[in-house]
Amino acid sequence: MTATEAAASVQDGLRERAAVLFPGGVNSPVRAFGSVGRAPLVLTGGDGPWVRDANGHRYLDLVGSWGAAILGHAHPAVVEAVRAAALDGFALGATHPLEVELGEAITAAMPSIERLRFTSSGTEAVMSAVRLARAATGRELVVKFAGAYHGHSDGLLVEAGSGVATLGIPGSAGVPPRVAELTVVLPFNDPAALDEAFERHPARIAAVVVEPVVANAGVIAPAPGYLQHLRDATRADGALLIFDEVITGFRLGRGGAQGRFGVEPDLTTLGKVIGGGMPIGAYGGRRELMELVAPVGPVYQAGTLSGHPLVMAAGIATLRELVPERYAVLEERVDRLAAGLEEAATAAGRTVAIGRCGPLLTLFFRESAPVDGAAALASDRAAFARFFGAMLDRGILLPPSQFEAWFPGFAHGDAEIDRIVAAAGEALAA
Ligand code: HOZ
C-alpha cells in the first residue's frame, strides 16, 4: 500500500464506522452529500476559511458551519474566550453573567427584542416562538412559505427547504396529518397569496413565520416592499409576525434582516452566529409577549443546557468582532465573488443565476434568480451536482445541495475569493 492509499483509508475507515452507527453515516441529513453523488466528508478541523478532512486535504470552506462560522474556524479570540470560560466549569444550571452579557449585546443590536430566552438550537427557538404566538393569539394556524426551513419541529417541516428539499420529499413521515393541517403553506414573495390566506382563515392565523431572506432553498431575496406587506397584513388581522433570523441574524449586519429592511417583527428567532459555532438558539420580542413565557406566564419552555457558559462566551467573543466596517468589506468581497462567478459562467457558456442578499449567495443552475421555493426547485440539480464535484476536486467546499446558501465570511480575503472564482471558471468550463 502506498502512503497515499494508506492516508486515503483513514477517511474511508471513519466513513465505514460512521455508516454502521448513524443513519446515512451522518448526524444531520444535509451532511450526507447524497444529492451531489459524493461520499460524505469526514472533517477533522478548520482554521480561518479552511477545513481539513481526515486524509489531511484542505478545502476552502463555504459551508461555514452552515452559517455559524462568520469569523472563520478557530478564531483566536473565540478560542480564548471558550478556554477561559471552561476553567470555571461548564453548565452550572443557574443564571450566569455571560448569559446577561450576550443577552444585552443582542437586545442592543435588535431593538424589537426587549426580552429573550436562550435555547440550544434554532429548531427549539422557532418551535417555542410558534407556541408563544399560539398562546398570545389564542389561534392555531401558522403560515409558512414553501422552501423555507425553520428546523425540524413537526408543524414546520411541511414543504420545507434545506435537507427536506434536497431529499425531494414533501415533508416528514411521522408528522400526524392533524398537525400538518395547522400549517398553511404559501409561495414566498406573493402578497396576494397572503391576503387570500387571511381572507380564507379570518382571525384563525396565529403567526406568519418567515425567513426574511430565504436561505434554505438557496438564497431568495424578498421583493421590494414584501416584508412590509407581511408586517401590515399580520397587524391588520391580529396575527403575529415571526422573523426566523437563525441565518440572517448578525449575518446581514448586526441588526439582521429586520435592521437591513427596516421592518420590525413581533418575535425573532436566532441561532448560528450568536453562538460562534456552539449549539445555540434564542427567541425574543416585545416584553408583554415574552412575559407569557414560564415562569412569568403560562407558556412552558425549558432547557437543561440553555445559556451554557461556554456557548455564551463564544457568542460574546464573536459579536465583539462584528463591527459595521467589517460587514462592508465582506459585502465588497461578495460583490467580487458574484461578479467573478457571472463572468466565469459567461466565458464557459453556462446558464446560471445568482440568488443574493448582502453576503449571502447561491449559484443557481437556472436562467434567473428564483423568487420563490418552486422556482428554486426548478433548478438543474444534476448540473449543480457536477459543479459541486468539480469544485471539491479543486479544493473548494460548497454546501452539498442546490438548496443551501453559501457562507463566505470575514476570514475569506481577496486571495480566497480569487481562488474560488478561478476554480469556478475551471469547473464551469469542465
Ligand atoms: N439550516 C441548516 C441547513 N440549511 C441546518 C444544517 C443542518 O440541517 O444540519
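Residues numbered from 1 in each chain as written. Predicted model: local features only at pLDDT ≥ 70, side-chain atom pairs only at ≥ 80, totals over all residues. Heavy atoms only, no water.

1. Some words on the pairing of strand β3 (residues 58–61)
As paired elements, strand β2 (residues 50–53) and β3 share three bridges and run antiparallel to each other. Bridge pairing in β3 links Trp-50 to Leu-60. What sits between the antiparallel neighbours β2 and β3 is a turn of four residues, in which Gly-56 has the positive phi angle 90 degrees. Alignment of β3 against strand β13 (residues 396–397), held across two bridges, turns out to be parallel. Residue pairing in the sheet places Leu-60 in a bridge with Ile-396 of β13. (Pairing = 2+ DSSP bridges. Helix = DSSP H or I, 4+ residues; strand = E, 2+ residues; numbered from the N terminus.)

2. Thoughts on the site of the ligand
The full set of residues close to the ligand is Ser-28, Val-30, Trp-66, Ser-162, Asn-216, Lys-272 and Glu-404. At 3.0 Å, a side-chain N or O of Ser-162 approaches a nitrogen atom of the ligand. Asn-216 places a side-chain nitrogen or oxygen 2.4 Å from a nitrogen atom of the ligand. Residues belonging to the shell around the ligand are distributed by class as follows: two nonpolar, three polar and two charged. (Near = heavy atom within 4 Å. Polar contact = N/O pair within 3.5 Å; in protein donor to acceptor, adjacent residues only side chain to side chain. Nonpolar A, V, L, I, M, F, W, Y, C, P; charged D, E, K, R; others polar.)

3. What to know about the layout of surface pockets
To find leftover empty space, one rolls a probe the size of a water molecule over the atoms. Space inside the second largest pocket adds up to approximately 470 Å³. Around the second largest pocket, the lining is made up of 22 residues, and of these Thr-95, Glu-99, Arg-117, Ser-306 and Gly-307 lie nearest the centre. Split by residue class, the lining of the second largest pocket holds 10 nonpolar, 10 polar and two charged. (1 Å grid on protein atoms, 1.4 Å probe; cavity = no way out; pocket = protein on both sides within 12 Å on 5 of 7 lines; lining within 4 Å. Points joined across faces, edges and corners; volume = space filled by probe spheres on them.)

4. A short note on helix α7 (residues 191–200)
Taken together, the buried positions of α7 are Ala-193, Leu-194, Ala-197 and Phe-198. What you see down the axis of α7 is that its buried residues fit within an arc of 140 degrees, all on one side. Against β5 (141–145), β6 (183–186), β7 (205–210) and α8 (226–237) lie the buried residues of α7. (Buried < 20%, exposed > 50% of the residue type's maximum accessible area, 1.4 Å probe, protein only. Arc of directions from axis to C-beta. Contact = heavy atoms within 4.5 Å.)

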